[in-house]
Each structure stands twice: as C-alpha cells, then as structure tokens.
Amino acid sequence: MSPTGRPGRGDGRSIGEVIAMDAFMSAAIDEARKGLSEGGIPIGSVLVIDGKIVGRGHNRRVQKQSAILHAEMDALENAGRLTAKDYQRSVLYSTLSPCDMCSGTALLYKIPRIVIGENQTFRGPEDYVRSRGVELTILNDPECIRLMREFIAARPELWNEDIGV
C-alpha cells in the first residue's frame, strides 16, 4: 500500500492491476447488494483466477437457513471443485474482512491473496492470516463501509447472529 493508502500509487501495482482490482471489488459489492435485496446480510465475494471471476457469492445464511453460508463460502462453492494449483493462484475478494471460518477456508486451500473491501465494521483474524503468508490488501472502500454500517444499525440482532455474538 502506498503512503496515501491507495493501491497503485507507489505500492508496485500497475494502473491496470488497480483497475482490475476495482472491477473485481465492484463485482463483490454487486453480490453484497444482491444479498441485501434478498433480505440477507450485505456481504459479497468473488474468487478470481488468472484475471477471471470463477465464483461469485453473497452471504445467504438467512435466505438458505444456513449455518455457514457466508459470502466467501458461497463464492468458493459456486466456483465448483478446483485443483490445489487453481486455489494457489487465485485471489479472493470480499467486501468485509473474512471471519475465522472464511479465513480458515482460505488458509486450507492456500489462497495466497485476499482483497478486503473494509475492516472498519468487523475485523477478522487478519494478523493470523498474514502470519501464515497470505497477502491482504485492505481497501476501506466507502461503499463497503456504508453498506455494513447501515445494515448493522438497522438489524443489529441479525448481524450479531452472523458473527456469533
């Protein structure tokens, strides 16, 4: 990350990489909005391999009455069965800092990089994930923050259920 906190401005990433990252985070935000429109929690995720989205998902715990269907899990499930080598060259995008369960899944499959839309409203085990060699890029995207702040204010009981409080 550059001194300004913005990718692509002194962090070694090209403008093309920044534009691609923005497009992938935009796809994750679209998924978050879809989840909210379905009556769920506005968290979205995409799995990218070789510059292509191979899996999309959003938090569907409410919609599917699921104990584990967080956005990252949904994106991985929708990507289908992949090889270890596929995961090892993938990037996981999530509008919110991944929780213990989703971080553990990324570690299990050796996903080398996670791009996080925001970690202001919730912070998963980022230090531990970094200690295991995963590169984390935290965007603190205003739209990701707004979606979560508004949802938490409107539905604190559902949010607390989702994070196990």
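Overview of the structure. Fair warning: this is a prediction, and the values are worked out from it, not measured in the lab.

In the structure shown here, the tally under the stated rule is one cavity of 30 Å³ or more. By volume, the largest cavity amounts to about 90 Å³. Among the elements of the structure, α3 (71-79) and α8 (156-162) are those that each provide at least two residues to the lining of the largest cavity.

Right, let's talk about the side chain of D74 for a bit. Within the secondary structure, D74 is located in helix α3. For D74, a relative accessible area of 2% corresponds to the buried category. Not counting residues up to four positions away in its chain, the partners in contact with D74 are R56, G57, H58, R60 and L69.

Moving on, we get to the pattern of salt bridges. Counting across every chain of the model gives 14 salt bridges. Here R123 makes a salt bridge to E126, at a shortest N to O gap of 3.2 Å. Judged by relative accessible area, R123 falls into the partly exposed class, the value being 43%. Taking the shortest distance from any N to any O, the salt bridge between R146 and E150 comes out at 2.6 Å. Placement of the pair is R146 and E150 together in helix α7 (residues 142-154), with a separation of four residues, close to one helical turn. Here R146 falls in the partly exposed class, since its relative accessible area comes to 34%.

This paragraph deals with α7. If you check α7, its first and last C-alpha atoms are 18 Å apart, about what 13 residues at 1.5 Å a residue would give, namely 18 Å. Every buried residue of α7 is listed here: E143, C144, I145, L147, M148 and F151. Backbone nitrogen of E143 and a side-chain oxygen of the N-cap are separated by 2.9 Å at the start of α7; the cap is D141.

One pass over the structure, following the stated rule, counts three aromatic pairs. Relative to W159, the ring of F122 has its centre 5.9 Å away and its plane inclined at 85°; by these criteria the two rings are edge-to-face. Note that F122 is positioned in the loop between β4 (113-116) and α6 (126-131) and W159 in helix α8, a separation of 37 residues in sequence. W159 gets classed as buried once you look at its relative accessible area, which sits at 5%.

With that settled, the discussion passes to unusual backbone geometry. Backbone phi values are negative for most residues with the exception of glycine, while trans is the configuration of most peptide bonds. Positive phi outside glycine occurs at D50, with the angle close to 55°. Here D50 shows up in the loop between β1 (44-49) and β2 (52-58). For D50, a relative accessible area of 54% corresponds to the exposed category.

So, on to the environment of T83. By the secondary structure assignment, T83 is in the loop between α3 and α4 (84-87). Note: C-alpha distance between T83 and Y109 (26 residues apart in sequence) is 9.3 Å.

Ordered in space as β2-β1-β3-β4-β5, the five strands form an open sheet in which the pairing is mixed. Sheet topology places β2 and β5 (135-138) at the edges, where each strand pairs with a single neighbour. Neighbour-to-neighbour, the strand axes of this sheet turn through a mean angle of 15°, independent of strand direction. Contacts between α3 and the sheet are confined to β1, β2 and β3 (90-94), with β2 contributing the most and set at about 135° to the helix.

Parameters and conventions
- In this numbering scheme, every chain counts its residues from 1 along its sequence in written order.
- pLDDT decides what is reported in this predicted model: residues at 70 or higher carry local features, side-chain atom pairs at 80 or more are listed and counted, and totals for whole chains, interfaces and linings draw on all residues regardless.
- Water and hydrogen atoms play no part in the side-chain values, which are based on all heavy atoms of the structure.
- Cavities and pockets were defined on a 1 Å grid built over protein atoms only: a cavity is a set of grid points that admits a 1.4 Å probe from which the probe cannot escape, a pocket is an open set flanked by protein on both sides within 12 Å along at least five of seven lines, and lining residues are those with an atom within 4 Å of any such point.
- Grid points are joined across faces, edges and corners, and a volume is the space filled by probe spheres set on the points.
- Going along the chain from the N terminus, every DSSP run of H or I of four or more residues is numbered as a helix, and every run of E of two or more is numbered as a strand.
- A simple rule labels every residue: compare its accessible area, found with a 1.4 Å probe on the protein chains alone, to the largest value its type can have, and call it buried under 20%, exposed over 50%, or partly exposed in between.
- The criterion used for residue contact is that any of the two residues' heavy atoms lie within 4.5 Å.
- Any Lys or Arg side-chain nitrogen located within 4 Å of an Asp or Glu carboxyl oxygen qualifies as a salt bridge.
- Here, expected helix span is obtained from the residue count minus one, scaled by 1.5 Å.
- Counting of polar contacts relies on pairs of N or O atoms within 3.5 Å, with two restrictions inside protein: one atom must be capable of donating a hydrogen and the other of accepting it, and residues adjacent in sequence are counted only when both atoms are side-chain atoms.
- Centres within 6.5 Å are what make two rings of Phe, Tyr or Trp a pair, Trp counting through its six-membered ring; a difference in plane orientation under 30 degrees is then read as stacked, over 60 as edge-to-face, and the rest as tilted.
- A pair of strands is considered paired only if DSSP assigns at least 2 bridges between the two.
- Angular values range over 0 to 180 degrees, each being the angle between N-to-C directions of two axes fitted as lines to C-alpha atoms, with helices fitted over their stretch in contact.

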